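The primary structure of each chain is shown beneath.
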Amino acid sequence: MEPVRFATIGTSHIAEVFLDAVTRTNAATIVGAYSRSMGRAREYAEKVRAAGGGEATLLFDSLDELAACPDVEAVYVASPNTIHHDQALMMLRAGKHVLVEKPFTPTRAQADELFRAADEAGVVCMEAMRSIHDPGFKIVCDALPELGQVRAASFGYAKVSGRVARLRRGDVASCFDPRRAGGALMDLGCYMVEFAVALFGAPESVQASGVVVDVPGIDVAEPAHRVDLSGQAILTYADKGVHVSWGKTFDDHVPSQIAGEQATLLIRQASDPRSVEVVRPAAITGDWGMGEGYATPLDVPEAPNNIASELDDFAASVRGLEAPVLDARAARTVTLESLGVMDEVRRQIGVVFG
């Protein structure tokens, strides 16, 4: 497969992780870089060449010039959350394939517009949600029949962030700024919501709660003045309940699990599903199945940087080939349904984006 020729928008840490992923797959090469500062674009391009991620000879400080460049086949959007939509829309309308860093857009309505634009232009647009393109995710999907009828699941992702201390001092990082579509849900919770939706589809109802605080320096009269530090939601289905949780003020060490009538699947970390095992119950001796059972580890391929797996799926979709894990069309459904869930979560916990 011919590598997809990417230009990047953004030079932040995630763009460097993307570069590392490019060096781990033959699916992509970086031919150019955009930044508002030509100096930063040049610095990033030098890193690309040094790492072996591509020639990166095309430098841009103009989005119009990037959109018009015939040598750029696809664009990776790694800019702040609130400008994903406008930048991606511009590139789609110019006929570029677009891979947008998570969260895809702040709202489902904006995502709908991007996917319509992709269809009109005949190009591929996909969210860079690495967890559902990980080979471990496919292992989880393949193991579901062993569980019997799934009745419950729980997915959690939380880790302490030093930016919370900054927030309390009045130094508001973009990840905690509601005017920039920040908050723990959009930063970490989105992984768990999308993992659940990718497995089970859109829920029938959502019930959410969260730890929400006023953001220093934002007038409380402004609609977008509160941000979530952590939260949880119950996703209700006709035959099961799914609990998702997220946070940036504590570390979550509890494995995620999918519980069926015949067995339970344990996932050490759903955002990076390397350790996965099926736990089958011990034989029931009496009325209760309370035995500890026995665990069978599943063979999950290594993925030192699972953005590479995401690139493999994206490139296969661009080339019209079968995706190794999840193609862009299936991923689109997950993105849309998950953003609908997150819209409802924010409505219930009182977080508004500006």
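Scroll up for the structure.
Residues numbered from 1 in each chain as written. Predicted model: local features only at pLDDT ≥ 70, side-chain atom pairs only at ≥ 80, totals over all residues. Heavy atoms only, no water.

Assigned secondary structure in the protein consists of 10 helices and 14 strands. Over its C-alpha atoms the protein spans a radius of gyration of 21 Å, differing by no more than 12% from the 20 Å that the globule rule assigns to 354 residues. If you line up the protein on its principal axes, its C-alpha atoms span 70 × 55 × 35 Å. By residue count, 53% of the 354 residues in the protein fall in the buried class. Long-range contacts, defined here as pairs at least 24 residues apart, represent 72% of the contacts in the protein between residues at least 6 apart. Seen as two clouds, the 33 positive and the 48 negative side-chain charges of the protein have centres 4 Å apart. (Helix = DSSP H or I, 4+ residues; strand = E, 2+ residues; numbered from the N terminus. Rg over C-alpha atoms; globule rule 2.2 N^0.38 Å. Buried < 20%, exposed > 50% of the residue type's maximum accessible area, 1.4 Å probe, protein only. Contact = heavy atoms within 4.5 Å. Lys, Arg positive; Asp, Glu negative; His and termini not counted. Charge placed at Lys NZ, Arg CZ, Asp CG, Glu CD.)

What follows covers the sheet that holds strand S11 (residues 256-260). Ordered in space as S8-S9-S10-S7-S11-S12-S13-S14, the 8 strands form an open sheet in which the pairing is mixed. At either margin of the open sheet sits one strand with a lone partner, and together these are strand S8 (205-214) and strand S14 (294-297). Strand after strand, the sheet turns through a mean of 15° between neighbouring axes, direction not considered. Where strand S9 (residues 226-236) and strand S10 (residues 241-247) come together, 7 bridges link them in antiparallel fashion. Across the sheet, residue Thr236 finds its bridge partner in S10, namely Gly241. (Pairing = 2+ DSSP bridges. Axes fitted to C-alpha atoms, helices over the stretch in contact; angles between N-to-C directions.)

The tally for this structure, following the rule as stated, stands at 23 salt bridges. Here Asp272 makes a salt bridge to Arg274, at a shortest N to O gap of 2.7 Å. The exposure class of Asp272 is partly exposed, given its relative accessible area of 29%. A salt bridge links Arg346 to Asp343; the nearest nitrogen and oxygen atoms lie 2.9 Å apart. With a gap of 3 residues between them, Arg346 and Asp343 both fall in helix H10 (residues 328-349), about one helical turn apart. Note on Arg346: relative accessible area 8%, which makes it buried. For Asp343, a relative accessible area of 25% puts it in the partly exposed group. (Salt bridge = Lys/Arg side-chain N within 4 Å of Asp/Glu carboxyl O.)

What follows covers helix H8 (residues 184-200). Here H8 contains 17 residues, and its C-alpha end-to-end distance of 23 Å stays within 8% of the 24 Å for a straight helix at 1.5 Å per residue. Counting buried residues in H8 gives 15 out of 17 residues, a clear majority hidden from the surface. (Expected span 1.5 Å × (residues − 1).)

Before going further, it helps to examine the environment of Ala94. Relative to the helices and strands, Ala94 resides in the loop between helix H4 (84-93) and strand S5 (97-101). Along the sequence, Ala94 and Asp214 sit 120 residues apart, while their C-alpha atoms lie 40 Å from each other.

Taken together, 6 strands build an open sheet; the order of strands is S3-S2-S1-S4-S5-S6 and the sheet is parallel. The two strands at the open ends of the sheet, each matched to only one other strand, are strand S3 (58-60) and strand S6 (125-128). The sheet shows a mean angle of 25° between the axes of neighbouring strands, direction not considered. Pairing of S5 with S6 involves 4 bridges; the strand directions are parallel. In the sheet register, Leu99 faces S6, and the bridge partner there is Met126. Its contacts with the sheet put helix H9 (residues 307-319) on strand S1 (4-9), strand S2 (28-34), strand S4 (74-77), S5 and S6, and the angle it makes with S5 is roughly 160°.

A word on the side chain of Glu127. On the secondary structure map, Glu127 appears in strand S6. For the buried Glu127, which has no salt bridge, the nearest side chain bearing the opposite charge is Lys102, at an N-O separation of 8.0 Å. At 3.0 Å, the side chain of Glu127 and the backbone nitrogen of Phe104 are in polar contact. At 2.8 Å, the side chain of Glu127 and the side chain of Thr335 are in polar contact. If we skip the residues at most four places from it in the chain, Glu127 touches Leu99, Val100, Lys102, Pro103, Phe104, His133, Glu194 and Thr335. (Polar contact = N/O pair within 3.5 Å; in protein donor to acceptor, adjacent residues only side chain to side chain.)

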